[in-house]
Amino acid sequence: MASQGPRAPLEFGGPLGAAALMLLLPATMFHLLLVARSGPARLLGPPPYLPGLEELWSPRALLLWFAWLGLQAALYLLPAHKVAEGQELKDKSRLQYPINGFQALVLTALLLGLGVLAGLPLDALPEMLLPLAFAATLIAFIFSLLLYLKSQVAPASALAPGGNSGNPIYDFFMGRELNPRIHFLDFKYFCELRPGLIGWVLINLALLMQEAELRGSPSLAMWLVNGFQLLYVGDALWYEEAVLTTMDITHDGFGFMLVFGDLAWVPFTYSLQAQFLLHHPQALGLPMASAICLINAVGYYIFRGANSQKNTFRKNPSDPRVADLKTISTATGRQLLVSGWWGMVRHPNYLGDLIMALAWSLPCGASHLLPYFYLLYFTALLVHREARDERQCLQKYGLAWREYCQCVPYRIVPYIY
């Protein structure tokens, strides 16, 4: 194999850390699924019981997963009103991506609506969460293995900066190939926003429908959780093109870390608040609900404002909406924003994300820590991701990045962190 130059430092503690995470992440997901439906609903401590293989394995669940992936792949391959180019690769080429994620969400909703009218028992889905999560985990391991084998015949220019260590366990976890695809179907880009995110909304809706069946109508708390998270998913798919500049697409290989995260972790752990509310209903008055809506609106305003400002500036620095913002020039020719949202903290979008995460948990009350798992996990995830961003930006922009950090000293939360 040709020399690939200096390799990126190993993350997550190297091969041992990667191996531990491949066990810990699925175990955590199943723990959350089990405790959410239990009476005590304790986040910390052992699960109420350990399910046997007969409770986890279901050919029907596996078939449902393949049908879901097939449906989303078919919607991905439909003609798109726009095809965007990705970032320039090592070989100076640019890949093309269909921008039709929101279209896929709408068509999925229409098909499900027709299915429910025809008798599709969507409210039975919550009873299948364990076997569906098991099937998703099985698919993630097998798919990751196929991707790893595929990467063995990929050219050096197609490999990811951080997934080519030479250690098979670490590379299996991180992903060796940056953009594995077959013709126009880009596996990483497809999985990033389609089956997992839309699946998350679907699980939430099924939980809402089952609550309506059990109690006569969905609770206000369940409506808020469904509405907030639908807004988040709809936003991600409406602004789908923005994902092409994220670290997941431009830097990380497509291995078990992202495969499991996209296909299993997102739909089955991000729906935790709705799962909790189905089994632990919460009384929520209009004044408190209004306050929670305001918190979510503030978080979304920061999140969307920061991301839109960055994307507008990247597309056209002369755009009147961003032309007056202060910048720092870098040796790469790019400009770093030091005013507007990006002059407040280095990652204002992360701040908006965390405020929204709090709003998603508050409808679940304060009697249990379990619904706040997402907020705790997401805080750890964003702090870790911010540290990765810092290292890459320092390596990429050098002195210009140090100057930016002096101008914008706080990373995520003003005056705190």
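The sections below set out a description of the structure shown in this document. (Residues numbered from 1 in each chain as written. Predicted model: local features only at pLDDT ≥ 70, side-chain atom pairs only at ≥ 80, totals over all residues. Heavy atoms only, no water.)

Turning to empty space enclosed by the protein, a few remarks are in order. The final tally for this structure, using the stated rule, is 1 cavity of 30 Å³ or more. Here the largest cavity is characterised by a volume of approximately 40 Å³. Every residue lining the largest cavity is listed: Ser144, Leu147, Tyr148, Ser151, Asp171, Phe172, Gly175, Arg176, Glu177, Pro180, Phe254 and Gly255. Those elements giving two or more residues to the lining of the largest cavity turn out to be α5 (129-151) and α6 (168-174). Examining the composition of the lining of the largest cavity, we find that 4 residues originate from one element, α5, more than from any other. Residues that form the lining of the largest cavity fall into these classes: 5 nonpolar, 4 polar and 3 charged. (1 Å grid on protein atoms, 1.4 Å probe; cavity = no way out; pocket = protein on both sides within 12 Å on 5 of 7 lines; lining within 4 Å. Points joined across faces, edges and corners; volume = space filled by probe spheres on them. Helix = DSSP H or I, 4+ residues; strand = E, 2+ residues; numbered from the N terminus. Nonpolar A, V, L, I, M, F, W, Y, C, P; charged D, E, K, R; others polar.)

On to the side chain of aspartate 171, then. Its place among the elements puts aspartate 171 in helix α6. Buried aspartate 171, no salt bridge; nearest opposite-charge side chain is arginine 176, N-O distance 4.1 Å. Sequence-distant contacts of aspartate 171, that is, excluding residues within four places in its chain, are made with Tyr148, Gly163, Asn164, Ser165, Gly166 and Arg176. (Buried < 20%, exposed > 50% of the residue type's maximum accessible area, 1.4 Å probe, protein only. Lys, Arg positive; Asp, Glu negative; His and termini not counted. Salt bridge = Lys/Arg side-chain N within 4 Å of Asp/Glu carboxyl O. Contact = heavy atoms within 4.5 Å.)

So, on to the nonpolar core. In this structure, Met29, Trp65, Phe268 and Leu370 are the most contacted members of the largest nonpolar core, which totals 127 residues. Those residues in contact with phenylalanine 268 that lie beyond four places of it in its chain are Met29, Leu33, Trp65, Leu129, Leu132, Ala133, Ala136, Ile203, Leu263 and Gln275. (Core = buried A, V, L, I, M, F, W, Y, C linked by side-chain atoms within 4.5 Å.)

Before going further, it helps to examine helix α9 (residues 220-238). With 19 residues, α9 extends 26 Å between its outermost C-alpha atoms, agreeing within 8% with the 27 Å of an ideal straight helix rising 1.5 Å per residue. Those residues of α9 that fall on the buried side of the exposure criterion are Ala221, Met222, Leu224, Val225, Asn226, Phe228, Gln229, Tyr232, Val233, Gly234, Asp235 and Leu237. (Expected span 1.5 Å × (residues − 1).)

Turning to a nonpolar patch on the surface, a few remarks are in order. Together, Leu53, Trp57, Leu138, Ile142, Leu145, Leu146 and Leu149 line one region of the surface with nonpolar side chains, adding up to about 670 Å² of accessible area. If you tally residues by element for the nonpolar patch, the top one is α5, at 5 residues. The topology assignment puts leucine 145 in helix α5. (Patch = residues over 30% accessible without salt bridge, like charges linked within 9 Å, V, L, I, M, F, W, Y side chains within 5 Å. Areas by Shrake-Rupley, 256 points an atom, 1.4 Å probe, with all protein chains shown as cover.)

Looking now at the layout of surface pockets. To find the voids left in a structure, one rolls a probe of water-molecule size over its atoms. For the second largest pocket, the calculated volume is near 550 Å³. Forming the boundary of the second largest pocket are 22 residues, of which Leu64, Trp68, Leu122, Leu125 and Leu202 lie nearest the centre. Looking at the lining of the second largest pocket, the elements that each hand over two or more residues are α3 (59-76), α4 (101-117), α8 (195-215) and α11 (256-269). Broken down by element, the lining of the second largest pocket gets its largest block of residues, 6 residues, from α3.

With the exception of glycine, the majority of residues adopt a negative phi angle, and the majority of peptide bonds are in the trans configuration. Phi angles above zero are rare outside glycine, and alanine 41 is one such case at about 50°. Exposure remark for alanine 41: the relative accessible area of 2% places this residue in the buried category.

Relative to the assigned elements, leucine 263 resides in helix α11. For leucine 263, a relative accessible area of 2% gives the class buried. Sequence-distant contacts of leucine 263, defined by excluding residues within four places in its chain, comprise Trp65, Leu69, Ala136, Ile139, Phe143, Cys191, Pro195 and Phe268.

What follows concerns helix α15 (residues 373-397). Between the first and last C-alpha of α15 there are 35 Å, a value that for 25 residues agrees with the 36 Å anticipated at 1.5 Å per step. Phe373, Tyr374, Leu375, Phe378, Leu382, Glu386, Arg388, Asp389, Glu390, Cys393 and Tyr397 are the residues of α15 that are buried. Taken from the residues just after α15, glycine 398 is the one with a positive phi, measuring 60°.

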